[in-house]
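Here is how the chains run, residue by residue.
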Amino acid sequence: MDPRHSAQDVHRCDLCDTKIVHSYCDFCHVNLCILCIGKHISDGYDKHRIVPFQERRSTLIYPKCEIHQQKNCKFQCKDCNTIFVCSFCTASEQHRGHIFVDISSVYKAQKENIEKDTEELVNLISPTYEEIARDLENQLANLDGGYEKLTTTMSKQGEQWHKEIDIVINKMKTEISKIKVKHRDILQTHLGEIKQIQSLIKQTLMAIKEIEKSTEVSPAINYNSKIREFSKLPHKIEVSLPRFIPKPIDREKLYSLFGQIMPLSTATEKNNLLLNHPTTSVRELLDEPQLVTTIQTGHEKLRNVTCLNDGSIWTSGETNDIKCFNTEGLVLQTIKKKSGIFPNDIAVDSDGDLLYISAITRTVFKVKSGQTEVLIRLQGWKPGKLCVTSTGDILVTMFSKDGTQSKVIRYSGSTEKRVIQFDDEGKPLYSGNNNTKYITENRNHDICVADWAAGTVVVVNQGGKLRWRYTGYPSFTKNRSFKPFGITTDSQSRILTADSDNHCIHILDKKGQFLRYIDDCDLKDPLGVCVDNNDNLFVCEFYKGNVKKIKYSK
């Protein structure tokens, strides 16, 4: 039944609280009866829009223009990072020759995307998680019965033995109880993770419904789909019960011959939705990282390393040459910079071409087929470090001339797309007194900056919204303050950052939780870091000029 015509849902005027609603102010969002319409618009405000009640919330609420306060922004400027502009702005000198799009069309497209997300969450993703949860709950419900059968079998076997075997039986039952606790913990932990994701899905649906009800433009346009995140289903956990294998009685070998408890085994089964989303295998951390090889680069004060798909690496230090080494440590190529100033940072794009950045010339260069060309001429602020994103964009850390401010700029080609500088409260995201801010992009598109001066790893999403900060992990063996230098990420979205003063690497998960250190392999003054396609870590030793290749995951 349509609630607008239902006898169970009679809407009353918001002003008099008695009369039945006749009209609606689509600007103020106020219910009005016929007599109260004149009262509502008597304040002289020219923005009121009175519509029949059945047509309520049909008027788009456009954002105010920051420059022309009396105008609403009904366009977006594609050439200026899709900022909102009014009709006056489109005719200004600042936007001459720019391309504009109508906000209402963008808003409509986003609303359609939101509806698709809602349908996919409700009809596919949420039911799948419910099925996983039911399966885990069934395993938990049948857990006691399965273990009861085990102990019964053991008791029957024990009845055939003499009194001296009772001690052995009790010892094995205790062992079974411990396994059962571990079994329960595995299932309950996984169930808790699933229910947490279900809760996030419900929250997302509630937020989407609020956007669907609202006619505000900004929330809809700023909406970021979480379909990709929720579609990466967890592995299905199948934990098999331990088995008891009775053996013939031999009193001399009483314990070993009474039986054998097979240890708890856990099988994981990939459980993915068919949404054409890429998946990666799980690579757990090794208990003890292993040093694979050491490459002597010959660089003075080695700063940077970046990996290519074939396993080779580019390196640079405080000299004007950039060297490429193969996995055996042989020099494949050397690039001599025209100026004697060493590069601030190096990176490799999706085509395998080398990029390097110079703070002195404020330029990002590209080396293609042995020829060096200018990729970006940076204006104003000085550049620090750079990285290439999964979409081919370039992220550059920048600092002001007076050294008081820092920011991150995203470039598409040579075009500036986005500036990331402040959090939601208008406070700086990064310290401003040093240009040593290594940067990388995570697999979930988060932007990770190692802010050396602040002693902090700062992580924002691709839109520039602060996710979390990491300021180190308490340790009795690390006597110096946490000062991160190089930073990189691996296939599991783990973040690795070099703590040079403490001669170690910190490994974090994508939410900023500390996982472990890499503080062996005789690391000295680690600075630049990178990870190859097989999750091998390459670490620059600043003073020694060596690159160490370390295997840290299975």
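This text goes with the structure placed above it.
This section reports on the structure supplied with the text. (Residues numbered from 1 in each chain as written. Predicted model: local features only at pLDDT ≥ 70, side-chain atom pairs only at ≥ 80, totals over all residues. Heavy atoms only, no water.)

## Quick word on the pattern of salt bridges
This is how it is decided: One speaks of a salt bridge when a side-chain nitrogen belonging to Lys or Arg is within 4 Å of a carboxyl oxygen belonging to Asp or Glu. Accessibility here uses a 1.4 Å probe with only protein chains present; expressed as a share of the type maximum, an area under 20% marks a residue as buried, one over 50% as exposed, and anything in between as partly exposed.
Scanning all chains against the criterion turns up 19 salt bridges. Arg494 serves as the salt-bridge partner of Asp490, at 2.9 Å between the closest nitrogen and oxygen. By relative accessible area, Arg494 is classed as buried at 9%. Sharing partners across several salt bridges, the network here consists of Asp349, Asp353, Lys366 and Lys368.

## Some thoughts on the packing of aromatic side chains
Rule in force here: To pair, rings of Phe, Tyr and Trp, with the six-membered ring standing in for Trp, must have centres within 6.5 Å; the planes then decide the type, stacked if under 30 degrees apart, edge-to-face if over 60, and tilted in the middle. For helices the rule is a DSSP run of H or I covering at least 4 residues; for strands it is a run of E covering at least 2, with both sets numbered from the N terminus onward. Definition used: whenever NZ (Lys) or CZ (Arg) falls within 6 Å of the ring centre and also within 35 degrees of the ring normal, the charge is taken to sit over that ring.
By the definition in use, this model includes seven aromatic pairs. Here Tyr470 and Phe482 contribute two aromatic rings whose centre-to-centre distance is 5.3 Å and whose plane-to-plane angle is 80°, an arrangement assigned as edge-to-face. Linking Tyr470 in strand 27 (residues 466–470) with Phe482 in the loop between strand 27 and strand 28 (484–489), this pair joins segments that are 12 residues apart in sequence. Residues Tyr473 and Phe514 carry aromatic rings whose centres are separated by 4.0 Å and whose planes lie at 10° to one another, so their mutual orientation is stacked. Of the two residues, Tyr473 sits in the loop between strand 27 and strand 28 while Phe514 sits in strand 31 (residues 514–518), which places them 41 residues apart along the sequence. Of the residues examined, Phe514 reaches a relative accessible area of 19% and is grouped as buried. Among the aromatic residues, those joined into a ring-pair cluster are Tyr473, Phe514 and Tyr517. Sitting over the face of the ring of Trp452, Lys483 holds its NZ or CZ atom 5.2 Å from the ring centroid.

## Topic: a positive patch on the surface
For clarity, the cut-off: To count toward a patch, a residue needs a relative accessible area above 30% and no salt bridge. Like charges then connect within 9 Å, nonpolar side chains (Val, Leu, Ile, Met, Phe, Trp, Tyr) within 5 Å. Each accessible area is a Shrake-Rupley result for a 1.4 Å probe, and residues are judged covered by the shown protein chains and nothing else. Positive charges come from Lys and Arg alone, negative charges from Asp and Glu alone, with His and the N- and C-terminal ends not counted. A charged residue contributes its charge at one atom only: NZ of Lys, CZ of Arg, CG of Asp or CD of Glu.
A contiguous patch of positive charge, built from Arg228, Lys232, Lys510 and Lys511, is present on the exposed surface. Locating Lys510 in the fold gives a position in the loop between strand 30 (504–508) and strand 31. A relative accessible area of 40% means that Lys510 is categorised as partly exposed.

## Topic: the sheet that holds strand 25 (residues 447–451)
Cut-off, in case you're wondering: At least two bridges found by DSSP between two strands is the condition for calling them paired. As a rule, the C-alpha atoms of each element are fitted with a line to give its axis, helices using only the stretch in contact, and angles between N-to-C directions run from 0 to 180 degrees.
Pairing in this open sheet of four strands is antiparallel, and the strands run 24-25-26-27 from one edge to the other. Every interior strand has two partners, whereas the edge strands, strand 24 (437–441) and strand 27, have only one. Neighbour to neighbour, the strand axes of the sheet diverge by 15° on average, direction disregarded. Where strand 26 (residues 456–460) meets strand 27, four bridges bridge the pair, whose relative direction is antiparallel. Across the sheet, the residue bridging to Val460 is Leu466, located in strand 27.

## With respect to the nonpolar core
To keep things clear, this is the line we draw: We define a nonpolar core as any set of buried Ala, Val, Leu, Ile, Met, Phe, Trp, Tyr and Cys residues linked to one another through side-chain atoms lying within 4.5 Å. Should any heavy atoms of two residues lie within 4.5 Å, those residues are considered in contact.
Ranked by internal contacts, the top residues of the largest apolar core, which has 35 residues, are Leu121, Ile125, Leu187 and Ile201. Among the elements of the structure, helix 3 (103–141), helix 4 (143–159), helix 5 (166–213), helix 6 (217–221), helix 7 (227–231) and strand 7 (236–240) are those that each provide at least two residues to this core. If we skip the residues at most four places from it in the chain, Leu187 touches Leu136, Gln139, Leu140, Leu143, Ile237 and Val239. The next biggest cluster of nonpolar side chains, apart from the first, holds 17 residues, and it includes Tyr438, Cys448, Phe514 and Tyr517.

## A look at the sheet that holds strand 5 (residues 83–85)
Strand order in the open sheet formed by three strands is 5-4-6, with antiparallel pairing between adjacent strands. Since the sheet does not close on itself, it has two edges, and those belong to strand 5 and strand 6 (100–102), each with one partner. Geometrically, the sheet is characterised by an average inter-axis angle of 40° between neighbouring strands, direction not taken into account. Sheet topology places strand 4 (residues 75–77) next to strand 5; three bridges connect them, and they run antiparallel. Bridged to Phe75 within strand 5 is Val85.

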